[in-house]
Amino acid sequence: MGANGITTGSSGAEVGAERPARIATHRVLGEGALQSMRAFIETELPLHEPDVDWGLVTWLRIRLVHDRTDESQQPIGSAQAARIHIGAALNAGESLYEVLDADSADLEALYSVFFEDGELRQEYCQGAGSDLLYIRHIELEPDWEERNVDLALVRRLCDTLGEGCELAVMGV
């Protein structure tokens, strides 16, 4: 076992390194703790064809809760994320820079880092999808900080709502 608690193979490479969030989360929360946590996600979708001003970025409002043994729910945090529909923007002939800029300064700032000539930079392309998952923030109640709940949430968002995304990015 490595110094960070992740099992390493004989070559020193991390075994299961593609899932560090799951390993770290179980170590801090305990094996069954995630069973009692849930994320409720709310979004708003236009019913018209998406355009540069609305519909090519889908924002998600996330509420995190812990299910208590008495069947009540304890709020433990919140998060905000967005799915940037890069493929849909390109198919619609929309400028990706304009889509990001029209939404927010946060998203506009992503353009110079992750995009070039209206597409994802080549170093980020691996054929996994055409969209981008952006996690703006995760806020946890003080009692739930430093317990890797944030890592568990990021992992589940990537595995579910990020399916078909080429890249997942977290705001700082």
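Scoring rules and cut-offs
Residues numbered from 1 in each chain as written. Predicted model: local features only at pLDDT ≥ 70, side-chain atom pairs only at ≥ 80, totals over all residues. Heavy atoms only, no water. Buried < 20%, exposed > 50% of the residue type's maximum accessible area, 1.4 Å probe, protein only. Helix = DSSP H or I, 4+ residues; strand = E, 2+ residues; numbered from the N terminus. Arc of directions from axis to C-beta. Contact = heavy atoms within 4.5 Å. Pairing = 2+ DSSP bridges. Axes fitted to C-alpha atoms, helices over the stretch in contact; angles between N-to-C directions.

Draft legend 1. Spatial organisation of helix α3 (residues 96-103). Residues of α3 that are buried: Leu-96, Val-99 and Leu-100. Taken around the axis of α3, the buried residues stretch over an arc of 90°, which confines them to a single face. Check the buried side of α3 and you find it contacts β2 (57-67), β3 (73-84), α2 (86-91), α4 (105-114) and β4 (115-116).

Draft legend 2. Focus on the environment of Leu-107. Structurally, Leu-107 is set in helix α4. Once the C-alpha coordinates of Leu-107 and Ala-82 are considered, the two residues, 25 residues apart in sequence, prove to be 9.4 Å apart. Filtering out sequence-adjacent residues up to four positions away, Leu-107 remains in contact with Val-57, Trp-59, Ile-84, Leu-100 and Tyr-134.

Draft legend 3. Summary view of the sheet that holds β2. Pairing is mixed across the open sheet formed by five strands, whose spatial order is β1-β2-β3-β6-β7. Each of the sheet's edge strands pairs with one partner strand only, and the pair in question is β1 (37-43) and β7 (165-170). Each neighbouring strand pair of the sheet contributes to a mean axis angle of 25°, computed without reference to strand direction. Packing against the sheet, α4 makes contact with β2, β3, β6 (131-140) and β7, and its axis sits at approximately 130° to β6.

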